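Report on the structure
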Amino acid sequence: MAVRNDAAVDRPGSAHPDRNTATANGDAKSKGVAILEGLLGRESAPVIPLRERHDRILPDNKPDVRPKWLKKLSFRHTVIAASFLGLVALPATLASLYMAFIAADQYHSTASFAVRSIEGGVSSDILGMFTQASGGSTVSDSYILMDYILSERMAADADRRFKLEEIYATRGLDYFYSIGSDLPIEEKLAYWRDMVKVNFDHASGIMQVTVKAFEPKQAQEIAQFIVDQSDSLVNSLSLSARNDVLRAAQDEVLAGEARLANARAGLREYRDKSQEISPEEGAKLAIQLIGGLEGELTKLNADLATAKSQMSEDTPRIRVLKTRIESLEQQLAVERQRLGAGEKNPSAANDPNAPDVAGRIAEFEELETEREFAERAYTAALGSLEKARINANNRQRYLALFIEPTLSQMAQYPSRLLNAFLVALGLLFAWGIGVMSYYNIRDRA
């Protein structure tokens, strides 16, 4: 029994060291977890008391009078919340109030048209005329027209016509959408591009122009002005292209006319000099005359031979026959020389009005050939000019207006809800980027 009691006494005594060891291990583990949570920055982690220095100044135990919800926030959270209120909430509220009560109503006027060409045939229906795919030339003209509508020239013309500073003057307290006063043309152009929008559909070639103004009638008038100016530009481009196509053909016609006139003048001068319509006809007459002279000379030679057989040489008849024969031979030689046979008379060589028939025929044929060639060239130039005129007419451009400038009855601009939402979204996005950048820098520091 004594041994059991001793064992019983020793048994609880032996359990105490085990319990103390487990308690020590648990305390060490809880301290390690607390230190880890403190390193991770958890607010709920307990603070592990460190060995305090005797010279450390103890903090003042002042009561914290902040509300409970504010006590839960740290300083950086307070700054983030304040920045959200100052940079997002307040500006978004002011923008919404401005859009709701201060921004002036704007009305729009819309016009739709297209640049078309006559070439390519006529469409079978009216709808096809506006929906058929346009050629490359009309597409380029459409882009030219779009740039012209948004150009400084159009803005300056509209300013001279409507006085943009008066039409788009400040309405009430709405200074954001007004144009201002005494602005240079560059700022007027920027405002013009804000109030005039141009949309171009490349597939159909349809261009839509939208004009905004504070009065619906003013928007319609400005849209009509843009349509009129666009029509004038397209007509001028069409006329310029037509003149470019016709200019070369007209130059050819003018050159052909001058050449034909010179050829006809040379032929007329030759006829005045030679006193004959055609040297060929003169050659035919000369040949007939030579043939008659030769026949008569042959007859006189026969008469002379007969007279010599019957009479002496000194008889008057024989002398007369010889004289006539000599005259005929001289006349025959002259006619043959004029025809071009034999040697040319030196006295006739210096006479420009008495060339031989062959020379006259050669000169006449040269002039006549030049005249005929000039006439053919002139006829070909006239044909080319007519063909170029037809092609130019087929390539003529015109402005097909199928939606007249509309007159709005209800204000569509500015988009108050959308603008307020976009302002709030942009501010929130910028604020979020700033906060994320702060935390990124803080974590890397």
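Residues numbered from 1 in each chain as written. Predicted model: local features only at pLDDT ≥ 70, side-chain atom pairs only at ≥ 80, totals over all residues. Heavy atoms only, no water.

Side note on the nonpolar core
Inclusion rule: We define a nonpolar core as any set of buried Ala, Val, Leu, Ile, Met, Phe, Trp, Tyr and Cys residues linked to one another through side-chain atoms lying within 4.5 Å. When a residue's accessible area, from a 1.4 Å probe over protein chains only, is under 20% of the maximum for its type it is buried; when over 50% it is exposed; and in between it is partly exposed. Segments assigned H or I by DSSP are reported as helices when at least four residues long, segments assigned E as strands when at least two residues long, and all are numbered from the N terminus.
Counting residues in each nonpolar core, the largest one holds 41 residues, and the members touching the most others are L145, I149, Y168 and W192. Looking at this core element by element, the count peaks at 8 residues for helix α9 (residues 216-274).

Here we look at the sheet that holds strand β1 (residues 107-117)
Our working definition: Criterion used throughout: strands pair if DSSP finds at least two bridges between them. Whenever a helix is involved, its axis is fitted only over the stretch in contact; in every case the axis is a line through C-alpha atoms, and angles between N-to-C directions fall within 0 to 180 degrees.
Reading across the sheet, the 4 strands line up as β2-β3-β1-β4 and stay open at both edges, with antiparallel pairing between neighbours. Of all the strands in the sheet, the pair left with one neighbour each is β2 (196-200) and β4 (397-403). Here the strands of the sheet are splayed against their neighbours by 25° on average, with no regard to which way each runs. Sheet topology places β1 next to strand β3 (residues 206-213); 8 bridges connect them, and they run antiparallel.

Description of the environment of E294
Formally: Whether two residues touch is decided by their heavy atoms; if any such pair falls within 4.5 Å, the residues are in contact.
You can see E294 is positioned in helix α10 (residues 279-310). Spatially, the C-alpha atoms of E294 and L332 are 7.2 Å apart, while their sequence positions differ by 38 residues. Not counting the four nearest positions on each side in its chain, E294 is found in contact with L332 and R336.

Details of a nonpolar patch on the surface
Worth spelling out the cut-off: Patch definition: residues with relative accessible area over 30% and no salt bridge; like charges joined within 9 Å; nonpolar side chains (Val, Leu, Ile, Met, Phe, Trp, Tyr) joined within 5 Å. Note on areas: Shrake-Rupley with a 1.4 Å probe; residue coverage comes only from the protein chains shown. Any carboxyl oxygen of Asp or Glu within 4 Å of a side-chain nitrogen of Lys or Arg constitutes a salt bridge here.
Taken together, the side chains of L90, L94, L97, F101, I102, L173 and Y175 make up a nonpolar region of the molecular surface, amounting to roughly 780 Å² of accessible area. Looking at the element boundaries, L97 is found in helix α3 (residues 75-102). We classify L97 as partly exposed; its relative accessible area is 42%.

Quick word on the environment of E368
Considering the arrangement of structural elements, one finds E368 in helix α13 (residues 357-394). The spacing of E368 and L267 is 101 residues in sequence and 7.0 Å in space, taken between C-alpha atoms.

Some remarks on the side chain of Q220
Positionally, Q220 belongs in helix α9. Apart from residues lying up to four places away in sequence, Q220 is in contact with S109, P405, T406 and L407.

Quick look at the packing of helix α6 (residues 152-162) against α9
For any two helices packed against each other, one specifies the crossing angle of their axes together with the interaxial distance. Applied cut-off: Small angles under 35 degrees read as roughly parallel and large ones over 145 as roughly antiparallel, with 65 to 115 read as roughly perpendicular and the rest as oblique. Left-handed describes a crossing whose near helix is turned anticlockwise from the far helix by less than a right angle; the clockwise case is right-handed. Each residue is assigned to one class: nonpolar for Ala, Val, Leu, Ile, Met, Phe, Trp, Tyr, Cys and Pro, charged for Asp, Glu, Lys and Arg, and polar for all the others, Gly among them.
Where α6 meets α9, the axes come as close as 11 Å, and the angle between the chain directions of the two elements is 130°. The angle between α6 and α9 falls in the class oblique. Crossing handedness for the pair α6 and α9: right-handed. Two secondary-structure elements touch here, α6 through M154, D157, A158, R161 and F162 and α9 through E221, I222, F225, I226 and Q229. Classifying every residue of the contact of α6 with α9 gives 6 nonpolar, 1 polar and 3 charged.

Remarks on the pattern of salt bridges
Tallying each qualifying case throughout the model produces 13 salt bridges. Where E165 meets K188, a salt bridge forms, and the shortest distance between an N and an O atom there is 3.6 Å. Of the two residues, E165 is situated in helix α7 (residues 164-167) and K188 in helix α8 (residues 185-195); the sequence distance between them amounts to 23 residues. Judged by its relative accessible area of 22%, E165 is partly exposed. A salt bridge links E370 to R259, with the shortest nitrogen-to-oxygen separation between them at 3.0 Å. One end of the pair, E370, is in helix α13; the other, R259, is in helix α9, and 111 residues separate them in sequence. Among the charged side chains, a network of salt bridges with common partners joins R264, E368, R371 and E375.

Some words on the pairing of β3
Within β3, 6 of the 8 residues are buried, leaving the element largely enclosed by the surrounding structure. In this sheet, β3 lies alongside β2 in antiparallel orientation, the contact comprising 5 bridges. When the sheet's bridge partners are listed, F200 is paired in β3 with M207. Count of turn residues in the β2/β3 antiparallel hairpin: 5 residues, of which G205 carries a positive phi of about 75°.

Structural notes on the packing of α6 against α8
Where α6 contacts α8, the axes come no closer than 9 Å and their chain directions differ by 95°. Taken together, α6 and α8 sit at an angle that is classed as roughly perpendicular. From α6, E152, M154, A155, A156, A158 and D159 reach across to α8, where they touch I185, K188, L189 and W192. Tallied by class, the residues present in the contact of α6 with α8 amount to 7 nonpolar, no polar and 3 charged.

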